[in-house]
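Chain residues, written in single-letter form:
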Amino acid sequence: MLLAIDIGGTKVASARVENGTVVERRQLPMAYDEAGFAGVIAALSAGWPAPARVAVCTTGYIDGGRVRSVNRDIIRFWDGFALADQLRARFDCPLTLINDGQAAAWGEYTARRTPLAPAPPANLLFITLSTGVGGGLVLDDRLRAGPHGLAGHVGHAGVRLAALDGATVCGCGRSGCLEMIASGTALARQARAAFGKPVTSAELFARATTDYLADAILSHAAQAVAEAIGGLHMIVDLQEVVIGGSVGLADGMLERIRCALDCLALRAAPVLSAAQLGGDAGLAGLIALDTAGAQRGDIE
Ligand SMILES: [Zn+2]
């Protein structure tokens, strides 16, 4: 049995997988501290048989079995957390650790490689617009994690646009990051500045159908996403860009990004598509990697 676990900024999902098929799936809110996290992992696997393998994808990147956060504001206790040790104390079996955007990229890539697909992409960028902005990169049919596990962290790619509320410094310590403009957190922050009161990103989307200012904030975020895509496309030659996450899949966001991308007039522009697997792309990617028996340097 494979135990697959997807650790996000706000939730943790687990799947009991037999022969590549999900037998049972569970989900709980992400914990606020280390002790709470141990309880979440225990609850997500309680009553299941001892796994033969454990595969985990997580926000942040993996460095020697510890998690490193690019944006330290997302989960407070996460940066430097000894995730591999914590999991090995509970599960006595081989362990795989990988970034969640990378796992989701592999899930979406695998979902497009069906017998009926006319021309599945060899180069695919997955972008999740959610609490933060994450991503993963498949190049020449291989998932790229990179020597530091950082590959595909498109949220911290620099864009030429500025956040509409004047905020400059990203949670990663740099300025000019896509995440400062297009994450759900950033949308709420810019909306609060624009409207003078708290507005969630979900409320922003609802307002955007009738409110010019709300529409402008979303279109500006879409333009920033397009900028990041355009910059990366000219470096690695993308065939398909997949947009996921609660913000990315919200009403009208994909169309806004497509419109902004059209305005960039890119050579050999990549196909833009919506994520097919929703919130389960990370788990699907873990299962696909396990099924393929993938062994790469970034995997423990
Ligand atoms: Zn950043």
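Residues numbered from 1 in each chain as written. Predicted model: local features only at pLDDT ≥ 70, side-chain atom pairs only at ≥ 80, totals over all residues. Heavy atoms only, no water.

- With an unreviewed UniProt entry as reference, the protein chain is termed ROK family protein, source organism Massilia hydrophila.

**Focus: the coordination of the zinc ion**
Logical step 1: Coordination of the zinc ion by the protein involves H156 (ND1), C170 (SG), C172 (SG) and C177 (SG), with metal-donor separations of 2.1 to 2.4 Å.
Logical step 2: Around the zinc ion, the 4 donor atoms sit at angles spanning 104 to 120 degrees, and that spread fits a shape best called tetrahedral.
Logical step 3: In the primary structure, the donors to the zinc ion are separated according to the pattern H-x13-C-x1-C-x4-C. For the pair C170 and C177, one class covers both residues: buried. (Donors = N, O, S within 2.8 Å, 3.2 Å for Na, K, Ca; no water. Tetrahedral: all angles 85-135°; square planar, octahedral: opposite > 155°, others 65-115°. Buried < 20%, exposed > 50% of the residue type's maximum accessible area, 1.4 Å probe, protein only.)

**What to know about the pattern of salt bridges**
Logical step 1: For the structure shown, the criterion picks out 12 salt bridges.
Logical step 2: E18 is paired through a salt bridge with R16; the nearest N and O atoms lie 3.7 Å apart.
Logical step 3: Taking the relative accessible area as the measure of exposure, E18 reaches 28% and is therefore partly exposed.
Logical step 4: Put simply, E108 and R112 hold a salt bridge, and the shortest N to O gap is 2.7 Å. Take E108 and R112: they sit in the same class, and that class is buried.
Logical step 5: Each member of the salt-bridge network shares a partner with another, and the members are E108, R112 and E240. (Salt bridge = Lys/Arg side-chain N within 4 Å of Asp/Glu carboxyl O.)

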